[in-house]
Amino acid sequence: MQSKMANHKLSQVFSIPKTAISTSISNQDAAQKISRIITKSGLKPLQRTPSLLSNLDSQTINLVLSNPSLPSHYCLAFFNFLQRNPSLVCHKPNLQAHLTLISRLYQARKFAEMRNILTCVATGSDLQCSVSDLVSLVDSASHDPKFVEKLCDMLFRVYADGKMFGESLKVFDYMVHNGLKFDDRSCIVYLLASKRCNKMVNCLGFFKRMIELNVGIDVYSMTIVIDGLCKEGSVKTARGLMTEMAGKGIKPNVITYNTLINAYIKSMDFEGVNEMLRLMEMDEIAYNAATYTVLMDWYGNSGKFDKAEKMFEEMHERGVQADIHAYTSIINCQCKMGNMKRAFSLFDELTERGLVTNAHTYGALIAGVCRTGKMDAAEMLLNEMQSRGFNVNRVIFNTLINGYCKIGKIDEALRVQSVMWKKGIEDDIFTYTTIANGLCRSDRHEEAKKLLFGVVDKRSDANAVSFTILIDIYCKEGNLVGAERLFQEMKKRRKKPNVVTYNALINGYTKIDKLKEGYRLKDEMESNGLSADVCTYTSLLHGECMFGKIEEALKLFKEIRRQGFEMNVVSYTAMISGLSKCGRSEEAFRLYDEMMKGGLTPDHRIYTCLVGNLHNAHSQS
């Protein structure tokens with residue numbers, strides 16, 4: 001009974017036989033009059049005739065829209081007029097009116113406008129009906145199967161774009177069940193929409209349906225799913241899907257491989273990267289600019305700058321045109337190496353080639369000059385970047401702040417922070433810890449403590465670095481009670497101490513002759529999976545030397561070598577100082593010669609120790 005009523009309703013929408021419509025003469029007359037006015041003079045006369053619209057009901061609206069003598073563009077204009085002026089009419093266009101207009105637009109091949117009206121049907125709360133009812137009504141009322149097919153396909157897309165994936169799948173099921181032809185591009189729309197919404201269960205599930213039905217399966221649809229899986233971290237599933245599809249004759253292309261290579265790099269699975277490169281070679285798939293860029297980024301971030309440069313040279317040799325992303329990648333590598341001359345040469349080269357720089361290119365150059373302490377050059381690049389319309393983001397502001405802090409210009413760093421605030425950009429934890437470090441280097445410990453206590457007390461993103469800087473300040477002030485309290489608070493908040501945290505405390509304890517505590521912390525650190533570094537051993541060595549325990553210090557000095565750590569000036573200075581104080585000048589000078597041969601430059605403390613040792617030896621003789 002309900003199905004008969006639905007079919008009867010939609011037969012009114014599309015065919016409108018006179019026998020099925022109990023329309024009064026006044027309805028027909030009003031519809032004819034409105035149609036003539038619109039055809040002759042447009043919509044403005046309707047606004048000047050409120051009496052004509054005041055009694056306008058749903059039947060009259062539908063008669064106007066279905067009038068074959070009224071061109072479809074006038075129907076659309078009338079429909080939009082009613083939507084924009086709801087106060088002028090008693091009834092808004094109902095579902096029947098929407099479907100009538102959709103049919104007229106289809107006949108006129110106005111598909112973009114048809115989609116807009118269909119979107120209103122799909123998303124309008126007062127128009128929505130179940131997918132099965134809507135589709136079956138359209139199907140039963142239309143005499144053009146192509147129209148039903150087009151409408152269903154478009155409705156599938158509309159639901160997908162509107163994130164209504166359940167409804168979209170119901171339309172898909174209806175089309176499959178009724179043998180309606182499906183546009184392969186519509187499958188792509190659904191896959192992309194679900195991927196954008198991070199609905200990878202939906203995305204992968206639908207792709208498997210596509211495989212079962214052999215609908216829209218190609219390398220592009222496969223790569224969309226693989227990309228979505230990789231972005232959510234399901235790299236193993238993505239790799240398995242590629243293998244499965246290759247068995248079905250769908251071979252991966254360079255974009256598929258690039259996607260997986262990038263995912264393996266992010267997950268630090270270098271074996272996976274090399275496997276993809278081997279497969280590309282086997283399949284004879286040439287690298288494109290994106291492949292080279294991903295590899296250059298990988299090598300650059302791993303410190304293998306020579307390999308990154310080799311990739312860039314190979315691009316040119318193989319005739320692959322480097323885009324702005326490739327240039328930015330190699331510029332970033334050169335900046336990390338400190339080779340700013342080469343970086344600026346590449347920047348000039350890309351400009352000469354007509355490539356348009358972006359914020360990332362400027363960001364790499366700014367980071368490079370900041371590393372070398374050339375802050376005037378950084379400010380010039382910043383001004384040029386802004387003059388070209390690029391917004392300065394938090395990362396670049398933090399880079400500038402860090403650059404000024406490293407050269408001891410803390411007030412300039414605070415000025416940059418103030419500019420950042422004025423632009424509406426909030427500080428992050430990196431900003432605070434960088435400034436706090438800068439304040440410490442300038443011996444402005446009280447300001448650093450005030451800043452960091454504000455971070456620790458008020459910010460949820462306070463990290464191990466924030467606590468570590470505070471602990472280090474307290475240790476340098478000799479306040480080990482305060483340092484230990486912060487250390488326990490840090491663990492209580494589940495901010496895992498790192499090697500630097502432990503080293504700050506170890507250094508603090510060894511300076512006040514609490515070597516036992518220092519060794520205890522070293523053991524604790526190693527039991528937590530952290531490895532002691534050269535700073536750990538040097539702090540303990542320095543403590544042993546300070547309090548005359550030279551043999552223990554020599555054991556630690558040998559341990560540093562045994563562990564394979566690179567000896568530094570601090571280690572040599574502590575050991576030479578300890579030997580000198582004990583009158584063991586020959587051993588002290590032997591270490592001095594060894595240090596010089598190793599290319600290390602002694603500081604004034606070593607000379608003071610050695611000269612003092614000679615003076616003491618001369619006095620005793």
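Think of each chain on its own: its residues are numbered from 1, step by step along the sequence as written. Given that this is a predicted model, residues contribute local features only at a pLDDT of at least 70 and side-chain atom pairs are listed and counted only at 80 or more, while totals for whole chains, interfaces and linings are drawn from all residues. In computing side-chain properties, one takes all heavy atoms of the structure into account and sets aside hydrogens as well as water.

### Description of the overall build of the chain
Move 1: Strands here are runs of E lasting at least two residues and helices are runs of H or I lasting at least four, both read from the DSSP assignment and numbered beginning at the N terminus. Tallying secondary structure elements over the chain gives 36 helices and 0 strands in all.
Move 2: Per-residue accessibility, obtained with a 1.4 Å probe over protein chains only, is compared with the maximum for each type, and a residue is labelled buried under 20%, exposed over 50%, and partly exposed between these values. Within the chain, the proportion of its 621 residues that are buried is 48%.
Move 3: Contacts were defined at the residue level, with two residues in contact if any of their heavy atoms lie within 4.5 Å. Taking as baseline every contact in the chain between residues at least 6 positions apart, the subset at least 24 positions apart corresponds to 61%.
Move 4: Accessible surface for the chain amounts to roughly 31800 Å². Of this, 52% is attributable to carbon and sulfur atoms. Here the open area of atoms and residues is found with the Shrake-Rupley method and a 1.4 Å probe, where only the protein chains shown may cover a residue.

### Some points on the environment of Y519
Move 1: With respect to the secondary-structure elements, Y519 resides in helix 31 (residues 515-527).
Move 2: C-alpha separation for the pair Y519 and L540, spaced 21 residues apart in sequence, amounts to 7.7 Å.
Move 3: If near-sequence neighbours (up to four positions away) are discounted, Y519 is found in contact with L540, E544 and L556.

### Overview of the nonpolar core
Move 1: Residues belong to a common nonpolar core when they are buried Ala, Val, Leu, Ile, Met, Phe, Trp, Tyr or Cys residues joined through side-chain atoms within 4.5 Å. Counting 188 residues, the largest nonpolar core has F78 and M575 as its most contacted members.
Move 2: The greatest single-element share of this core, amounting to 10 residues, is contributed by helix 10 (residues 145-161).
Move 3: Contact partners of M575, with chain neighbours within four places excluded, come to L541, C545, I550, A553, L554, F557 and L591.

### Comments concerning helix 29 (residues 480-492)
Move 1: Multiplying 1.5 Å by the helix residue count minus one yields the expected span of that helix. Here helix 29 is 13 residues long and its end C-alpha atoms lie 18 Å apart, about the 18 Å a rise of 1.5 Å per residue gives.
Move 2: Turning to helix 29, its buried residues number three or more, namely L480, G482, A483, E484, L486, F487 and M490.
Move 3: Next to the buried residues of helix 29 lie helix 27 (445-458), helix 28 (464-476), helix 30 (499-511) and helix 31.
Move 4: Once helix 29 ends, the next one or two residues include R494, with phi positive near 60 degrees.

### Here's the deal with helix 24 (residues 394-406)
Every α-helical turn comprises 3.6 residues, leaving residues that sit three or four positions apart pointing alike.
Move 1: Helix length check: helix 24, at 13 residues, gives a terminal C-alpha distance of 18 Å against a target of 18 Å (1.5 Å per residue), a fit within 8%.
Move 2: All of the buried residues in helix 24 are I396, F397, N398, T399, L400, I401, G403, Y404 and C405.
Move 3: Turning to helix 24, the residues buried within the fold contact helix 22 (359-371), helix 23 (375-387), helix 25 (410-422) and helix 26 (429-441).
Move 4: Measuring from the backbone nitrogen of V395 back to the side-chain oxygen at the start of helix 24 gives 3.2 Å, which picks out N393 as the cap.
Move 5: Residue G408 follows helix 24 closely and has a positive phi angle near 80 degrees. As used in this structure description, the phrase polar contact means that two N or O atoms lie within 3.5 Å; if the pair is within protein, one of them must be able to donate a hydrogen and the other to accept it, and residues adjacent in sequence are counted only when both atoms belong to side chains.

### Digging into the side chain of T510
Move 1: Inspection of the secondary structure assignment puts T510 in helix 30.
Move 2: A distance of 3.4 Å separates a polar atom in the side chain of T510 from the backbone oxygen of S539.

### Let's talk about the pattern of salt bridges
Once their charged atoms are close, side chains differing in charge can pair, the charge on each being opposite to the other.
Move 1: Whenever Lys or Arg places a side-chain nitrogen within 4 Å of a carboxyl oxygen from Asp or Glu, that contact is recorded as a salt bridge. Evaluation of the coordinates by the stated rule reveals 30 salt bridges.
Move 2: Note that R342 and E309 form a salt bridge whose closest N and O atoms lie 2.7 Å from each other. Residue R342 is found in helix 21 (residues 340-352), and its partner E309 is found in helix 19 (residues 305-317); the two are separated by 33 residues along the sequence.
Move 3: For R342, a relative accessible area of 25% puts it in the partly exposed group.
Move 4: For E309, a relative accessible area of 14% gives the class buried.

### A short note on the confidence of the model for the chain
Move 1: Here the chain averages 85 in pLDDT, while 88% of its residues score no lower than 70.
Move 2: pLDDT measures how confident the predictor is about each residue, on a scale from 0 to 100. Residue range residues 1-23 is modelled with pLDDT below 50. Its contacts to residues more than four positions away, or to other chains, number 31 contacts.
Move 3: pLDDT under 50 marks residues 617-621. Its contacts with residues more than four places away, or in other chains, come to 0 contacts.

### Comments concerning the packing of aromatic side chains
Think of a pair of aromatic rings as described by two things: how far the centres are apart, and how the planes are tilted against each other in angle.
Move 1: Centre distance within 6.5 Å is the pairing criterion for rings of Phe, Tyr and Trp, where only the six-membered ring of Trp is used; planes under 30 degrees apart are then read as stacked, over 60 as edge-to-face, and the remainder as tilted. Within the structure shown, the criterion is met by 20 aromatic pairs.
Move 2: Relative to Y474, the ring of F453 lies with its centre 6.4 Å away and its plane at 65 degrees, an arrangement referred to as edge-to-face. In this pair, F453 is assigned in helix 27 and Y474 in helix 28, connecting sequence segments 21 residues apart.
Move 3: Judged by its relative accessible area of 26%, F453 is partly exposed.
Move 4: Taken together, the ring pairs connect F156, F165, F172, F182, Y190 and F206 into an aromatic cluster.
Move 5: A ring has a charge above it when a Lys NZ or an Arg CZ is no more than 6 Å from the ring centre and no more than 35 degrees off the ring normal. Over the ring of F111 we find K150, and its NZ or CZ is 4.5 Å from the ring centre.

### Brief notes about the packing of helix 16 (residues 254-266) against helix 18 (residues 289-301)
Move 1: Where helix 16 contacts helix 18, the axes come no closer than 10 Å and their chain directions differ by 10 degrees. Considered as vectors, helix 16 and helix 18 are oriented roughly parallel to each other. In this structure, helix 16 contributes V254, N258, I261, N262 and I265 to the contact, and helix 18 contributes A290, T291, V294, L295 and W298. Here, axes are lines fitted to C-alpha atoms. For helices the fit covers the stretch in contact, and angles between N-to-C directions go from 0 to 180 degrees. When an angle is under 35 degrees it counts as roughly parallel; over 145 it counts as roughly antiparallel; between 65 and 115 it counts as roughly perpendicular; any other value is oblique.

### Brief notes about the environment of I410
Move 1: Locating I410 in the fold gives a position in helix 25.
Move 2: In sequence terms I410 and C440 are 30 residues apart; their C-alpha atoms lie 9.8 Å from each other.
Move 3: Setting aside its immediate chain neighbours within four residues, I410 contacts Y404, C405, I435, G438, L439, S442 and R444.

### Here's the deal with the side chain of T431
Move 1: With respect to the helices and strands, T431 occurs in helix 26.
Move 2: Taking the relative accessible area as the measure of exposure, T431 reaches 0% and is therefore buried.

### Digging into the packing of helix 8 (residues 111-123) against helix 10
Move 1: Running from amino to carboxyl end, helix 8 crosses helix 10 at an angle of 60 degrees, the nearest separation of the two axes being 10 Å. When the axes of helix 8 and helix 10 are compared, the pair comes out oblique. Judged by the twist between their axes, the crossing of helix 8 over helix 10 is right-handed. Of the residues in helix 10, those touching helix 8 at F111, M114, R115, L118, T119 and A122 are F147, K150, L151, M154, L155, R157, V158, Y159 and D161.
Move 2: Its residues assigned to classes, the contact of helix 8 with helix 10 comprises 10 nonpolar, 1 polar and 4 charged. Less than a right angle of anticlockwise turn of the near helix away from the far helix marks a crossing as left-handed, whereas a clockwise turn marks it as right-handed. Each residue is assigned to one class: nonpolar for Ala, Val, Leu, Ile, Met, Phe, Trp, Tyr, Cys and Pro, charged for Asp, Glu, Lys and Arg, and polar for all the others, Gly among them.

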